[in-house]
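Descriptive analysis of the structure
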Amino acid sequence: METKRTTTTTGRTLTCDLRALTAPDLAVVDALARLRLAAARYGVGVLLLNASGPLRELLAFSGLTDVLPVAGGPSAGGPLLGVQPGRETEQREEHVGVEEVGEPGDPAV
């Protein structure tokens, strides 16, 4: 992992070139999160360059895409893991012999 320090108009940024990481795992994500925390203590931002697809997926899975931005990566709103988050309605079975009872003045639904 190659790092270099750059200065931008908004403040200092630590840029990490991650092209050498061919098989990232959660230990890499942990190290990057700790780097981010240490940099934040000194008012320095962190920008990741050349992050592979699997690393971007691990960052998304761990919920760190907002605090560890990847330059040139997919947008924050787009799906990273190949699936759209969403929910399906629950399918329920009819219970045999069970009837719903309502009050006589209740309107039918």
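Preceding block: the structure.
A short tour of the structure in this document, coming up. (Residues numbered from 1 in each chain as written. Predicted model: local features only at pLDDT ≥ 70, side-chain atom pairs only at ≥ 80, totals over all residues. Heavy atoms only, no water.)

Turning to unusual backbone geometry, a few remarks are in order. Phi is positive for N50, close to 55 degrees, though the residue is something other than glycine. Positionally, N50 belongs in the loop between β3 (44–49) and α2 (53–62). (Helix = DSSP H or I, 4+ residues; strand = E, 2+ residues; numbered from the N terminus.)

Looking at N50, the relative accessible area reads 41%, which means it is partly exposed. Setting aside chain neighbours within four positions, we find N50 in contact with D17, L18 and R19. Here D17 takes part through its side chain, which lies 2.8 Å from a polar atom of the side chain of N50. (Buried < 20%, exposed > 50% of the residue type's maximum accessible area, 1.4 Å probe, protein only. Contact = heavy atoms within 4.5 Å. Polar contact = N/O pair within 3.5 Å; in protein donor to acceptor, adjacent residues only side chain to side chain.)

Now for helix α1 (residues 26–41). Over its 16 residues, α1 runs 23 Å from end to end, which matches the ideal 22 Å to within 8%, given 1.5 Å per residue. Along α1, the residues classified as buried are V28, V29, L32 and A39. One side of α1 holds all its buried residues, which, seen down the axis, span an arc of 100 degrees. What points out from α1, more than 90 degrees from its buried face, is the exposed set L26, A27, R34, L37 and R41. Two residues or fewer after α1 comes G43, characterised by a positive phi angle close to 75 degrees. (Expected span 1.5 Å × (residues − 1). Arc of directions from axis to C-beta.)

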